[in-house]
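# Summary of structural features
Spelled out, the chains give:
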Amino acid sequence: LVLREDTIFGCRQKAERYCCFESSLARIIHESGRPQLNMPWGTGKDPQCGGFTVEQFQQLDLSNVDLSEFYQEQLNK
């Protein structure tokens, strides 16, 4: 979630921006992996929602990723 605030004709406008992922696993890995790589999410005007490069993914310590939400989702199918 990234907030954007603009001024239009003296009025403030707030909008919410979201990064969307194809799966919950992708979202979970991004939420845990971005801090590991010091990758920001960007701003409302300039969101940074792109994926990891192969080199970046290889740097992730996946033992620090909480996959319990993903496992529970799989068990409920």
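Please read these numbers as outputs of a predicted model, since none were measured by experiment. All residue numbers here refer to positions counted from 1 along the written sequence of the relevant chain. At least 70 in pLDDT is required for a residue's local features to be given in this predicted model, at least 80 for side-chain atom pairs to be given and counted, and no such filter applies to totals for whole chains, interfaces and linings, which use all residues. Water and hydrogen atoms play no part in the side-chain values, which are based on all heavy atoms of the structure.

A separate point is the overall build of the protein. The way it works is that DSSP assigns letters per residue, a run of H or I at least four long becomes a helix, a run of E at least two long becomes a strand, and they are numbered from the N terminus. What the protein contains, in helices and strands, is three helices and two strands. Along the protein, helices (α) and strands (β) appear in the sequence β-β-α-α-α when read from the amino end. When each of the 77 residues of the protein is scored for burial, the buried share is 21%. Counted over contacts in the protein with a minimum sequence separation of 6, partners at least 24 positions apart contribute 40%. Working note: accessible area of the protein is about 6000 Å², and carbon and sulfur atoms make up 52% of it. Think of it in three bands: with a 1.4 Å probe and only protein chains considered, a residue is buried below 20% of the maximum accessible area for its type, exposed above 50%, and partly exposed in between. By definition in these notes, contact holds between two residues if any of their heavy atoms fall within 4.5 Å. Here the Shrake-Rupley method, with its probe set to 1.4 Å, supplies the accessible areas, and only the displayed protein chains count as covering residues.

With that out of the way, let us pick up the environment of Gly 50. Examined against the element boundaries, Gly 50 turns out to sit in the loop between helix H1 (24-37) and helix H2 (54-59). By relative accessible area, which is 43% here, Gly 50 ends up partly exposed. Each C-alpha atom of the pair Gly 50 and Cys 19 lies 8.7 Å from the other, and the pair is 31 residues apart in sequence. Ignoring anything within four residues of it in the chain, the contact list for Gly 50 reads His 30 and Arg 34.

Here we take up unusual backbone geometry. Glycine aside, a negative phi is what most residues show, and trans is what most peptide bonds show. If you check the backbone angles, Asn 38 has positive phi at about 55° while not being a glycine. By the element assignment, Asn 38 lies in the loop between H1 and H2. Looking at Asn 38, the relative accessible area reads 69%, which means it is exposed.

A few words on the environment of Asn 64. Assignment of secondary structure puts Asn 64 in the loop between H2 and helix H3 (68-75). Taking the C-alpha atoms as reference points, Asn 64 and Gly 33, separated by 31 residues in sequence, lie 8.7 Å from one another.

This part takes up the packing of H1 against H3. Here an angle of 0 to 180 degrees is reported between the N-to-C directions of two axes, which are lines fitted to C-alpha atoms, with helices fitted over the stretch in contact. Their axes nearest at 9 Å, the elements H1 and H3 cross at an angle of 170°. Classified by the angle their axes make, H1 and H3 are roughly antiparallel. Contacts between H1 and H3 involve Ser 24, Leu 25, Arg 27 and Ile 28 on the former and, on the latter, Glu 69, Phe 70 and Glu 73. Here the term charged refers only to Asp, Glu, Lys and Arg, the term nonpolar to Ala, Val, Leu, Ile, Met, Phe, Trp, Tyr, Cys and Pro, and the term polar to all other amino acids, Gly among them. Classifying every residue of the contact of H1 with H3 by side-chain character gives three nonpolar, one polar and three charged. Each angle is binned into one of four classes, with values under 35 degrees roughly parallel, values over 145 roughly antiparallel, values of 65 to 115 roughly perpendicular, and all other values oblique.

We define a salt bridge as a contact between a side-chain nitrogen of Lys or Arg and a carboxyl oxygen of Asp or Glu at a distance within 4 Å. Counting across every chain of the model gives two salt bridges. With its nearest N and O atoms 3.0 Å apart, the salt bridge here joins Glu 31 to Arg 27. Taken together, the residues Glu 31 and Arg 27, both in helix H1 and four residues apart, mark about one turn of the helix. Residue classification places Glu 31 among the partly exposed positions, given a relative accessible area of 44%. A relative accessible area of 23% means that Arg 27 is categorised as partly exposed. The residue Arg 27 makes a salt bridge to Glu 69 at a minimum N-O spacing of 2.4 Å. Remark: Glu 69 occurs in helix H3 and Arg 27 occurs in helix H1; sequence separation between them is 42 residues. In the salt-bridge network here, residues are joined through shared partners; they are Arg 27, Glu 31 and Glu 69.

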